[in-house]
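Observations on the model geometry
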Amino acid sequence: MKKAAKLLRQLFLIPVYLYKGLLSPFFGGGCLYHPTCSSYMVDSVLKHGIAKGFVMGFARILRCSRWYYGGDDQVPEVWSWKAIKDGFILFRKR
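In this report, the structure presented in the accompanying data block is examined. (Residues numbered from 1 in each chain as written. Predicted model: local features only at pLDDT ≥ 70, side-chain atom pairs only at ≥ 80, totals over all residues. Heavy atoms only, no water.)

Points about the state of the cysteines
This structure, assessed with the given rule, holds zero disulfides. Note on Cys 37: no disulfide assigned, nearest cysteine sulfur contributed by Cys 64 at a separation of 3.7 Å. A residue is classified by how much of its surface remains accessible, and Cys 37, at 10% relative accessible area, is buried. (Disulfide = S-S within 2.5 Å. Buried < 20%, exposed > 50% of the residue type's maximum accessible area, 1.4 Å probe, protein only.)

Some thoughts on the side chain of Ser 44
Following the sequence through the fold, Ser 44 ends up in helix α3 (residues 37-48). Within the structure, Ser 44 has its side chain in polar contact with the backbone oxygen of Gly 53 (distance 2.9 Å). Apart from residues lying up to four places away in sequence, Ser 44 is in contact with Gly 49, Gly 53, Met 56, Gly 57 and Val 75. (Helix = DSSP H or I, 4+ residues; strand = E, 2+ residues; numbered from the N terminus. Polar contact = N/O pair within 3.5 Å; in protein donor to acceptor, adjacent residues only side chain to side chain. Contact = heavy atoms within 4.5 Å.)

Details of the pattern of salt bridges
One side chain can pair with another of opposite charge once the charged atoms of both are near each other. For the coordinates displayed, the defined rule picks out four salt bridges. Residues Arg 63 and Asp 73 are paired through a salt bridge, measuring 2.2 Å at the closest nitrogen-oxygen approach. Placement of the pair is Arg 63 in helix α4 (residues 50-63) and Asp 73 in the loop between β2 (71-72) and α5 (81-90), with a sequence separation of ten residues. Each member of the pair, Arg 63 together with Asp 73, is buried. Ionic pairing is found between Asp 86 and Lys 82, a salt bridge with its closest N-O pair at 2.8 Å. You can see Asp 86 and its partner Lys 82 sitting in helix α5, four residues apart, about one turn around the helix. Looking at Asp 86, the relative accessible area reads 31%, which means it is partly exposed. Lys 82 gets classed as exposed once you look at its relative accessible area, which sits at 57%. (Salt bridge = Lys/Arg side-chain N within 4 Å of Asp/Glu carboxyl O.)

With respect to the nonpolar core
Core analysis: the biggest nonpolar cluster contains six residues, these being Tyr 40, Met 56, Ala 59, Val 75, Trp 79 and Ile 84. In this structure Met 56 touches Tyr 40, Ser 44, His 48, Pro 76, Trp 79 and Ile 84, once residues within four positions along its chain are discounted. Ranked by size, the runner-up nonpolar core spans five residues in total, among them Val 16, Met 41, Val 42 and Val 45. (Core = buried A, V, L, I, M, F, W, Y, C linked by side-chain atoms within 4.5 Å.)

A look at the packing of α3 against α4
Packed helix pairs are characterised by how far apart their axes lie and by the angle those axes make with each other. Running from N to C, α3 and α4 cross one another at 160°; their axes reach a closest spacing of 7 Å. The angle between α3 and α4 places the two elements in the roughly antiparallel class. Helix-helix and strand crossings are classified by hand; for α3 and α4 the assignment is right-handed. Here Cys 37, Tyr 40, Met 41, Ser 44, Val 45 and His 48 of α3 come into contact with α4, specifically with Ile 50, Lys 52, Gly 53, Phe 54, Met 56, Gly 57, Phe 58, Arg 60 and Ile 61. (Axes fitted to C-alpha atoms, helices over the stretch in contact; angles between N-to-C directions. Parallel < 35°, antiparallel > 145°, perpendicular 65-115°, else oblique. Left-handed = near helix turned anticlockwise from the far one by under 90°.)

Let's talk about unusual backbone geometry
At the junction of His 34 and Pro 35, the peptide bond is cis and its omega measures out at 0° in the coordinates. Within the element layout of this structure, Pro 35 appears in the loop between β1 (33-34) and α3.

That's the geometry; what it means functionally is another story.
Structural data, given as structure tokens:
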């Protein structure tokens, strides 16, 4: 990976790192998913780039509610709209 692209990704993730370090400890360990939504955002941006990773991470944050079960949800190796849609279907409470 090019150094400039890696640096841009790290700069983009500064708010997520600040949330994980400063705010997350006050909310407790209440995330429904493993890894946590903030860790998922970091992993997806580092793996798939800023735009695609943000879409995946934001979709995961939208699923973090009482209408979804949660569970083990790793970042897919290949980015696709189908993978994002499947997450909404797979973890949804009926």
